[in-house]
Amino acid sequence: MFVAKYLGSARYSELDEELKDFARLKAHLAGVDLNRDPELMIFNVEGTSSYYIVFLEEVESEKDVERLLREDMGAELSRDSKASVRRVLNR
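Residues numbered from 1 in each chain as written. Predicted model: local features only at pLDDT ≥ 70, side-chain atom pairs only at ≥ 80, totals over all residues. Heavy atoms only, no water.

Caption draft 1: Local environment of the side chain of Glu62. Following the sequence through the fold, Glu62 ends up in helix H2 (residues 62-73). Polar contacts involving the side chain of Glu62 include one to the side chain of Arg86, which spans 2.6 Å. Those residues in contact with Glu62 that sit more than four places away from it in its chain are Leu77, Lys82, Val85, Arg86 and Leu89. (Helix = DSSP H or I, 4+ residues; strand = E, 2+ residues; numbered from the N terminus. Polar contact = N/O pair within 3.5 Å; in protein donor to acceptor, adjacent residues only side chain to side chain. Contact = heavy atoms within 4.5 Å.)

Written as structure tokens, this is what we have:
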């Protein structure tokens with residue numbers, strides 16, 4: 001199983017073009033409206049050049065993030081990233 005590392009959170013409008021490509025794909029699959037400039041979390045799947053985007057409106061808990069990573073990427077959240085995800089979701 002791959003390991004996903006939390007890189008940070010941002011609004012869609014703040015992303016560079018490479019990350020916007022990942023966000024556009026995920027938004028399409030998740031039915032998220034990018035015109036509202038949603039807040040999101042960015043993960044890197046270690047050992048790959050892939051990024052994974054989680055829109056905050058998709059999740060309510062760390063468990064939801066873990067489930068999405070597992071189902072979509074076959075990845076688990078790194079230990080250090082779990083604390084970061086909890087901080088973001090509890091703002």
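The rest of the description comes next.
Caption draft 2: The packing of aromatic side chains, seen in detail. In this structure the tally under the stated criterion is two aromatic pairs. Consider the rings of Tyr6 and Phe43, whose centres lie 5.8 Å apart with planes at 70°: the pair is edge-to-face. Here the residue Tyr6 occupies a position in strand E1 (residues 2-11), and Phe43 occupies one in strand E2 (residues 39-45), the gap between them amounting to 37 residues. In terms of burial, Tyr6 and Phe43 fall into one category: buried. Measuring from ring centre to ring centre gives 5.5 Å for Phe22 and Tyr51, while their planes differ by 80°; the resulting arrangement is edge-to-face. With Phe22 in helix H1 (residues 17-30) and Tyr51 in strand E3 (residues 51-55), the pair connects residues that are 29 residues apart, well separated along the chain. Residue classification places Phe22 among the partly exposed residues on the basis of a relative accessible area of 26%. (Phe/Tyr/Trp six-rings, centres within 6.5 Å; stacked < 30°, edge-to-face > 60°. Buried < 20%, exposed > 50% of the residue type's maximum accessible area, 1.4 Å probe, protein only.)

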